[in-house]
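Structure at a glance
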Protein chains: 2
Amino acid sequence: MNSNLLQNLIIPAQTKIVMLIMDGLGGLPREPGGKTELETARTPNLDDLAQRSSLGLTIPVAPGITPGSGPGHLAIFGYDPLQYEIGRGAMEALGVDFELGPDDLAARGNFCTVDTDGRIIDRRAGRIGTDVNQDLARLLGTIRIEQSEIFIEPVKEHRFAFIMRSPGLYDALSETDPQRIGVVPLPVLALDPDSEKAARYVNQFITAAKELLTHKHPANMILLRGFAKFPIMPTFQEKYGLKAAAIALNGMYRGVARLVGMQVLNVDGITLNDEFVTLEKNWSDFDFFYLHIKKTDTFGELGDFEGKVGAIEEVDAFIPRLLALKPDVIIVGGDHSSPSVLKSHSWHPVPVLLYSHHVRADRIAEFGESACSHGSLGTIPATHIMPTALANALRITKYGA
Amino acid sequence: MNSNLLQNLIIPAQTKIVMLIMDGLGGLPREPGGKTELETARTPNLDDLAQRSSLGLTIPVAPGITPGSGPGHLAIFGYDPLQYEIGRGAMEALGVDFELGPDDLAARGNFCTVDTDGRIIDRRAGRIGTDVNQDLARLLGTIRIEQSEIFIEPVKEHRFAFIMRSPGLYDALSETDPQRIGVVPLPVLALDPDSEKAARYVNQFITAAKELLTHKHPANMILLRGFAKFPIMPTFQEKYGLKAAAIALNGMYRGVARLVGMQVLNVDGITLNDEFVTLEKNWSDFDFFYLHIKKTDTFGELGDFEGKVGAIEEVDAFIPRLLALKPDVIIVGGDHSSPSVLKSHSWHPVPVLLYSHHVRADRIAEFGESACSHGSLGTIPATHIMPTALANALRITKYGA
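The following refers to the structure shown. Keep in mind that what you see is a predicted model, and the values were worked out from it rather than measured. (Residues numbered from 1 in each chain as written. Chains lettered and ligands numbered in written order. Predicted model: local features only at pLDDT ≥ 70, side-chain atom pairs only at ≥ 80, totals over all residues. Heavy atoms only, no water.)

Another point: the interface of chain A and chain B. Counting from both sides, the interface comprises 35 residues of chain A and, opposite them, 22 residues of chain B. Both faces considered, chain A and chain B share a buried interface measuring about 2300 Å² in area, 61% of it formed by carbon and sulfur atoms. Together, P63(A), I65(A) and W347(A) form the three largest contributors to the area buried by chain A at its contact with chain B, with a combined 24%. On the surface where chain A and chain B come into contact, there are 1 salt bridge. Its salt-bridge partner being R363(B), residue E39(A) comes within 3.3 Å of it at the nearest N-O pair. Counting across the chain A and chain B interface gives 11 residue pairs in polar contact (both at pLDDT 80 or more). (Contact = heavy atoms within 4.5 Å. Buried area = accessible area lost by both parts, 1.4 Å probe. Salt bridge = Lys/Arg side-chain N within 4 Å of Asp/Glu carboxyl O. Polar contact = N/O pair within 3.5 Å; in protein donor to acceptor, adjacent residues only side chain to side chain.)

In this structure the tally under the stated criterion is 37 salt bridges over all chains. One salt bridge connects R108(B) with E92(B), and the closest N-O pair in it is separated by 3.2 Å. Here R108(B) is found in strand β3 (residues 104–114), whereas its partner E92(B) is found in helix α5 (residues 88–95), with 16 residues between them in sequence. Notably, a salt bridge pairs R254(B) with D97(B), separated by 3.0 Å at the nearest N-O pair. Highlighted residues: R254(B) in helix α9 (residues 251–259) and D97(B) in the loop between α5 and β3, separated in sequence by 157 residues. Judged by relative accessible area, D97(B) falls into the partly exposed class, the value being 31%. One connected set of salt bridges, linked through shared partners, spans E92(A), R108(A) and R159(A). (Helix = DSSP H or I, 4+ residues; strand = E, 2+ residues; numbered from the N terminus. Buried < 20%, exposed > 50% of the residue type's maximum accessible area, 1.4 Å probe, protein only.)

All names here are of chain B. If you check helix α12 (residues 305–324), its first and last C-alpha atoms are 30 Å apart, about what 20 residues at 1.5 Å a residue would give, namely 28 Å. Here α12 has its buried residues at F305, G307, K308, V309, A311, I312, V315, D316, F318, I319 and L322. Regarding α12, its N-cap is D304, as a side-chain oxygen of that residue lies 3.4 Å from the backbone nitrogen of E306 further along. K326 lies just past α12 and shows a positive phi near 55 degrees. (Expected span 1.5 Å × (residues − 1).)

Another point: the pairing of strand β1 (residues 17–22) of chain B. Residues and elements named next belong to chain B. Of all 6 residues in β1, 6 are buried, a share of seventy percent or more. Residues I17, M19 and I21 line one face of β1 and the alternating positions V18, L20 and M22 line the opposite face, and both faces are buried. Relative to strand β10 (residues 288–293), β1 runs parallel, the two sharing 6 bridges. What sits directly across from V18, in β10, is F289. The sheet contact formed by β1 and strand β11 (residues 329–333) spans 5 bridges and is parallel. Bridge pairing in β11 links M19 to I331. (Pairing = 2+ DSSP bridges.)

Residues and elements named next belong to chain B. Pairing is mixed in the open sheet, where 8 strands are placed in the order β9-β8-β10-β1-β11-β12-β2-β13. With one partner strand each, in any of the chains shown, β9 (263–264) and β13 (378–381) form the two edges of the open sheet. Relative to strand β12 (residues 350–356), strand β2 (residues 54–59) runs antiparallel, the two sharing 5 bridges. Looking at the pairing, G56 lines up with V352 of β12.

Once that is clear, we can look at the relation of the copies chain A and chain B. Between the two copies, chain A and chain B, the superposition gives an RMSD of 0.1 Å; the rotation angle is 124 degrees and the shift along the axis is 0.3 Å. Given the turn and translation reported, the copies of this chain are related as if by a three-fold rotation axis. Comparing contact sets, just 3% of the residues at the interface of chain A also lie at the interface in chain B, consistent with a heterologous contact between different surfaces. (Least-squares fit on C-alpha atoms with pLDDT ≥ 70 in both.)

Attention now goes to the packing of helix α6 (residues 130–140) of chain A against helix α7 (residues 196–213) of chain A. Residues and elements named next belong to chain A. Between α6 and α7, whose axes approach to 10 Å, the crossing angle comes to 125 degrees. The angle between the axes of α6 and α7 places the two elements in the oblique class. Both α6 and α7 take part in a crossing whose hand is right-handed. Contacts between α6 and α7 involve L136, L139 and L140 from the first element and F205, A209, L212 and L213 from the second. Across the contact of α6 with α7, the residue classes break down as 7 nonpolar, no polar and no charged. (Axes fitted to C-alpha atoms, helices over the stretch in contact; angles between N-to-C directions. Parallel < 35°, antiparallel > 145°, perpendicular 65-115°, else oblique. Left-handed = near helix turned anticlockwise from the far one by under 90°. Nonpolar A, V, L, I, M, F, W, Y, C, P; charged D, E, K, R; others polar.)

Moving on, we come to the pairing of β3(B). Residue and element names in this part refer to chain B. Within β3, 10 of the 11 residues are buried, which leaves it mostly tucked inside the rest of the structure. Here β3 pairs with strand β6 (residues 159–165) via 7 bridges, running antiparallel. Looking across to β6, one finds that A106 is bridged to I163. Here β3 pairs with strand β7 (residues 221–229) via 7 bridges, running antiparallel. Note that in β7 the partner of A106 across the bridge is A228.

With that settled, the discussion passes to the side chain of S338(B). All names here are of chain B. Position of S338 relative to the elements: it lies in the loop between β11 and β12. Reaching out from S338, the side chain makes a polar contact with the side chain of D297 at a distance of 2.5 Å. When sequence neighbours within four positions are dropped, the list of residues in contact with S338 reads G24, G26, E37, D297, G300, E301, K308, S344 and H345.

Moving on, we get to the packing of aromatic side chains. All names here are of chain A. Under the criterion given, the structure shown has 24 aromatic pairs over all chains. Measuring from centroid to centroid gives 4.9 Å for F77 and Y290, while their planes differ by 85 degrees, and the two rings are edge-to-face. You can see F77 sitting in the loop between α4 (69–76) and α5 (88–95) and its partner Y290 sitting in strand β10 (residues 288–293), a full 213 residues away along the chain. Taken together, the ring pairs in this structure connect F77, Y79, Y84, F236, Y240, F288 and Y290 into an aromatic cluster. (Phe/Tyr/Trp six-rings, centres within 6.5 Å; stacked < 30°, edge-to-face > 60°.)

It is worth stressing that arrangement in space is one thing and function is another; only the former is reported here.
Here it is in structure tokens:
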């Protein structure tokens, strides 16, 4: 959809929208003709809600395309994931809950091992402990390069997020990781003139890092890849006129929500109950709530069919608490599919349910892949969900006379 | 879909895809409330396969648009038929199995009759016999124009394909057929500067042809129209990383397959069995097989409802032989609809079935227009089929982090 069209038609309203995202929700049956995880799960509350909702299936990026978490979330938030790219470096920084800003250049970092001639022996430095990583990251964080600020955020084992903050750093940069051993790390090259300053700064940083790490074998060198700037995109406020809040336990999802201008709420704890408590506490302060559930995807990627079924059933049990808040519009869906039989993200369309007082209910009393394939929303681009939700929240005025 | 997106995500795999195209597959009931040809046909094997597949309907070009065979095939092959045009002249050349190359300029030719003043009396030369056509074509083939090669390929009665081969021949050319009698044929005009060389060459050819045909009444002149170059498009190898083979009995379909870089296999015979024997013989040598069945369209265009039903049933009987090869992905569909009640191609969406181990089966045990309209693929552009098939063949990696 033409984003200006929508933006010009947005009107204020005293209505609330909740988007409940079960990560990797879509699944597959374990055997031909069987039921998916969602179809297997006992979900009386979601089934009852489905009965009063419009159902459908969402395609996050394009037919046949398996999305990463970034593109999957951007799509369900209504941002074309081919127009707005979140580079790998930026995702790494978001993943450790780093608050990326517009002057930040991010990259994925590895500690690695080099020999006395500087040739790479181990691209992962023997997967050093995360505690060693934390010490070394603190050390690298002391490096000063001209007018920039540098942040080294440990991830786990040998991985860290590298962030350099300075105006005018662009991300058309080659990677230093040659992706094989026996050779020296590559220098960073600017792939366009705008990025020359960034290349110069990053190369200075790498030289300084190499010196600091000389005696830190096996982590005596670093590799950087996936350079990416903070992607600039319109906020939920600008695009939809919504004061939006995000409730998510993992950094990456908190980060993507922050990118689209949501206020990321602090969750006191790590359970689904803690997330719902946060929702209830903040209910009066926002128009839109994004609530993220990670476990569905985690079990999907582990290949744990029953685990994913259980995670869905756990969510189902919280639906009455959601309904008690009397949201005007409820979306229950996912950012992509993660069938446990594939142990990975997949391209399959994702079940979605849209509830409101004004919805044309499909009267299908089941929330599942097959049921949703018969829903009146159809099998649609995920980016269609937000406009439909806004309409149901009476937040879009008439187009044309 | 952005074609670069897909191209950048293609990964190798040891999987095989079969695309079985029944030409003009979609149909209409003979009377309101009745069944279509496909729904009337007894197709136990396709119905059983449908049960384990995702179903849908494909729109070849755009809603309401009736495609020719060229656009219909390009779409199901995943090429936007509005972006890649195969001109009429090129289709005529492909139709007689001529191997068009990048330096070829093709046109549709007619023998016609002119009076002593050169005015057209009969635009079809009294529909001369094909044998006469063959003799005259051989005669015209002796003409030499500067550095070009000339090929005159008889079609039938008064029709032939004209091909002129020389670097730098462009196809923005006006036609010589004035589409009425009592006037002289028009000269070829270049409609852009690039095409001036081609106009000059073709006019020289026409002058030479007129001289050679002076005493060949009623076929004493020619008309040329639909000038078209060989359309350049990415191959299946470039676009999808697929080593693709085509099995088709008719020149036009062999030709379109050749345009997209498929290897066109020789079929020893003219029956469906001969086509399947070719498939079986070549099974180990390719990743992708396009198998074309013409009869469904032929009967549709003849208005022979029962004939089309029979042609579909004949295909159904071969499905077990296809399954015995254990393809990873099977697509059964069509390039367009050809309802026998309309005796022509039509705009109606075309039933399609997509089978793989990783498909979310719709559990609809019928392959037919109505059944497919309830399938989870939805009613979609035909160009979506190839990406979905590639995903199911595990040949597309994840987009974004």
